[in-house]
Amino acid sequence: MSYQTIAVHCDQSRHAPARYALAAQLAQATGAHLTGVATTGLSRYAEWDDTLGAWPLPPHILDHLRRQAAGALAAFERDTTAAGIGKWSSSLQEDDAESALLLHARYADLLVLSQTDPDDIQFGVNRPLPPELLLQSGRPLLLVPNAASAAGAPAPTLARHPLLAWDGSAQAARAFTDALPLLRLAERITLLVLNPDRDPARHGSEPGADMSLFLARHGLRVDVMREFTTVDTGSALLCAAAERACDLLVMGGYGHRRLHETLLGGATRSVLREMTLPVLISH
């Protein structure tokens, strides 16, 4: 398995440059085609009147939204060209961000987004993107932490020491498979099993051994760690990653949709909220 197409969300957020940088590095390392996706933020289901423009916005507002989206794509194109990416394209969608990214996810191996920043919400983003795309896109997400955009923060880099969060679930197994192209770039991999005694049926007599063997057959050598903690799982994973100087967390994401409400599991919710390193997450 390899990544052939990577899609990255493009907007006017202050977090966009870090997002573009990591997406470009990954595309360069894997030889994938990189697609930048920007949106006007106005749903394609908005009623249309040729004499008035897109309802309920007057034409000059729609023109402004189009210029903003074009500006986001121009920044993406500039950064991508500067990074020396040979295969890339850009797409400006007359749609809200969630719907446009869900559409592009069908034709991508991986979506690159930023962690939600409640102080930097762009027009047309009616609810946090990572939870919705995690549960609806059918594709893995690579989330760039907001900390990567802080003044003086080092530029985000590809993972050299990923932490794999193994709990014996189908979601985690899916995430590890989705992460294989990234894992092959690593210098060291740690497989962490938290509190394996709580569900021994999932792990067998030697927790982590079966998954370690699976990854070994993909040419990956992993160090298996087993820890016991009373801290909530999400916080424990982030603490373990920090203690080991890991630069990527790979995990399964849990949750479901109920009518118009997104319900996430506790560990997924806390990692998405508190992450300080890139996270590859699959559902």
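Since this is a predicted model, take the numbers as computed values, not measurements.

Novice: Help me understand the overall build of the protein chain, please; the structure alone is not making it clear to me.
Specialist: When helices and strands are tallied, the protein chain shows 10 helices and 14 strands. Here the C-alpha radius of gyration of the protein chain, 20 Å, is about what a compact globule of 283 residues would show, namely 19 Å. A principal-axis box enclosing the C-alpha atoms of the protein chain has dimensions of 70 × 45 × 35 Å. The buried share of the protein chain, reckoned over its 283 residues, is 50%. Taking as baseline every contact in the protein chain between residues at least 6 positions apart, the subset at least 24 positions apart corresponds to 79%. When the accessible surface of the protein chain is summed, it comes to about 13,100 Å², and 53% of that surface belongs to carbon and sulfur atoms. Seen as two clouds, the 24 positive and the 30 negative side-chain charges of the protein chain have centres 5 Å apart.

Novice: Looking at this structure, how should I read the packing of aromatic side chains?
Specialist: Remark: the centre distance and the inter-plane angle together describe each pair of aromatic rings, the angle taken between the planes. Across all of its chains, the model carries three aromatic pairs by this definition. Measuring from ring centre to ring centre gives 6.2 Å for F76 and W88, while their planes differ by 85 degrees; the resulting arrangement is edge-to-face. One end of the pair, F76, is in helix α2 (residues 59-82); the other, W88, is in strand β5 (residues 88-93), and 12 residues separate them in sequence. Each ring, one from W166 and one from F176, has its centre 5.6 Å from the other, and the planes form 45 degrees; the classification is tilted. Taken together, the residues span a long stretch of sequence, with W166 in the loop between β8 (162-165) and α5 (170-178) and F176 in helix α5 at a distance of 10 residues. Here W166 falls in the buried class, since its relative accessible area comes to 12%. Accessibility expressed as a relative area gives 0% for F176, which makes it buried. Following the ring pairs from residue to residue traces out a cluster consisting of Y20, F76 and W88.

Calculation criteria
Residues numbered from 1 in each chain as written. Predicted model: local features only at pLDDT ≥ 70, side-chain atom pairs only at ≥ 80, totals over all residues. Heavy atoms only, no water. Helix = DSSP H or I, 4+ residues; strand = E, 2+ residues; numbered from the N terminus. Rg over C-alpha atoms; globule rule 2.2 N^0.38 Å. Buried < 20%, exposed > 50% of the residue type's maximum accessible area, 1.4 Å probe, protein only. Contact = heavy atoms within 4.5 Å. Areas by Shrake-Rupley, 256 points an atom, 1.4 Å probe, with all protein chains shown as cover. Lys, Arg positive; Asp, Glu negative; His and termini not counted. Charge placed at Lys NZ, Arg CZ, Asp CG, Glu CD. Phe/Tyr/Trp six-rings, centres within 6.5 Å; stacked < 30°, edge-to-face > 60°.

Just geometry here; none of it tells us what the structure is for.
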